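Understanding the architecture of this molecule
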Amino acid sequence: MPEYDPSCYLCPGNKRAQGDINPKYESTFIFVNDYSAVKEEQAEYQQDDELGSTLVEKSQPLGIILTSAGLSSVLLKAEPVTGKCYVVTFSSMHNLTLADLKSPEIIPIISTWTQLYTAHISPKSPLAQAAKRTILPSDDHQNCLSRPHTQYRYMQIFENKGAAMGCSNPHPHGQIWTTTGLPEEPAAEQEQLMKYRRENGGANLLEDYAKLEVEKEERVVFKNETFVTVCPWWAVWPFELVIVARRHKRALVDFDDKERRNLAEAIADVTRRYDNLFETHFPYSMGLHQAPLEGTHDEIEASHFHIHFYPPLLRSATVRKFLVG
Ligand SMILES: [Zn+2]
Ligand SMILES: [Zn+2]
């Protein structure tokens with residue numbers, strides 16, 4: 001592929017779908033997604049059945065039977081979710097991927113994620129103090145780094161890489177969805193992290209897990225002082241990996257410069273190994289899990305930074321396992 005593609009909506013200086021022109025950025029660039037999956041404004045959800053007196057009908061001595069209107073209100077529930085979606089480019093070069101970047105070139109991506117996360121943290125969160133120490137933005141991101149009007153609950157930072165994962169543009173980029181709701185996977189994890197913390201005198205499940213894996217050395221793929229990459233015990237995908245912070249870190253804002261360098265090294269290692277495995281641009285869905293933007297003290301303190309990689313390839317560069325969209 002060329003370093004620059006005049007028809008790519010992510011390349012520096014090019015025009016995007018809504019007519020905005022990208023700046024001539026040099027490493028990362030954030031903008032609000034032109035095709036956001038969730039929006040800041042969302043109509044209230046209307047239940048289509050009339051509720052009220054038709055909700056229940058008294059029947060035989062058995063008690064009450066719900067009418068279809070009543071059943072709808074119990075079983076077919078929906079609620080509006082609002083949020084803000086961003087796109088972040090990983091490089092100005094159209095033809096590079098995370099696997100092609102040297103680890104110092106991945107640091108600006110981590111810094112950009114951290115800045116965006118910081119801009120969305122609730123001022124009441126215990127993380128707000130840590131966020132004050134976070135590196136300040138240096139480049140083109142100002143428009144995304146102002147505090148939104150709504151306090152969102154969670155920020156999901158992720159990358160779908162490769163056409164196999166439904167990624168339509170090869171220009172290296174990831175997405176960020178910030179929503180009023182807590183997505184299912186982090187919600188389920190958070191419940192277990194909190195339970196473990198309660199039952200084990202404040203210990204952290206993933207910190208303990210990382211320690212155990214480092215000791216056992218059976219599933220460790222890479223480690224440095226701050227992170228360990230393992231094929232997790234619970235892996236569902238072939239070649240599934242998780243990068244886990246070795247000491248308790250709630251979120252991106254808990255890392256210092258050295259730890260960010262170590263995270264960049266871990267990400268570079270995973271993505272390069274993947275590409276080398278079948279000598280292909282290895283597709284995957286990668287997502288960061290960390291503390292919610294707003295939550296109780298327990299929720300924030302039980303959170304533990306980690307990154308999942310879910311790759312769809314099985315046996316070769318062309319055989320796919322199908323599980324997610
Ligand atoms: Zn491009
Ligand atoms: Zn997770």
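Shown above is the structure to which this text applies.
Please read all numbers here as calculations on a predicted model, not as lab measurements. (Residues numbered from 1 in each chain as written. Chains lettered and ligands numbered in written order. Predicted model: local features only at pLDDT ≥ 70, side-chain atom pairs only at ≥ 80, totals over all residues. Heavy atoms only, no water.)

1. Some remarks on unusual backbone geometry
- Of note, the phi angle at Phe239 is positive, near 65 degrees, even though the residue is not glycine.
- Looking at Phe239, the relative accessible area reads 32%, which means it is partly exposed.
- In this structure, Glu279 is a non-glycine residue whose phi angle is positive, near 50 degrees.
- Note on placement: Glu279 falls in the loop between α6 (257-277) and β10 (284-289).
- Here Glu279 falls in the exposed class, since its relative accessible area comes to 74%. (Buried < 20%, exposed > 50% of the residue type's maximum accessible area, 1.4 Å probe, protein only. Helix = DSSP H or I, 4+ residues; strand = E, 2+ residues; numbered from the N terminus.)

2. Let's talk about the coordination of the zinc ion (ligand 2)
- Around the zinc ion (ligand 2), the protein contributes the donor atoms Glu189 (OE), Glu189 (OE), His289 (ND1), His306 (NE2) and His308 (NE2), at 2.0 to 2.4 Å from the metal centre.
- Donor residues for the zinc ion (ligand 2), ordered by position in the chain, follow E-x99-H-x16-H-x1-H. Of this pair, Glu189 sits in helix α4 (residues 184-199) while His308 sits in strand β11 (residues 306-310), placing them 119 residues apart in sequence.
- On the accessibility criterion, His308 (5% relative accessible area) is buried. (Donors = N, O, S within 2.8 Å, 3.2 Å for Na, K, Ca; no water.)

3. Considerations on the packing of aromatic side chains
- Scanning the entire structure with this criterion turns up 15 aromatic pairs.
- On the numbers, 5.6 Å between centres and 80 degrees between planes, the contact of Phe158 with Trp177 is edge-to-face. Of this pair, Phe158 sits in strand β5 (residues 154-161) while Trp177 sits in strand β6 (residues 173-179), and the two are 19 residues apart along the sequence.
- On the basis of relative accessible area, Trp177 is assigned to the partly exposed category, the value being 34%.
- With a centroid separation of 5.9 Å and an interplanar angle of 65 degrees, the aromatic rings of Tyr274 and Phe309 are classed as edge-to-face. One end of the pair, Tyr274, is in helix α6; the other, Phe309, is in strand β11, with 35 residues separating them in the sequence. (Phe/Tyr/Trp six-rings, centres within 6.5 Å; stacked < 30°, edge-to-face > 60°.)

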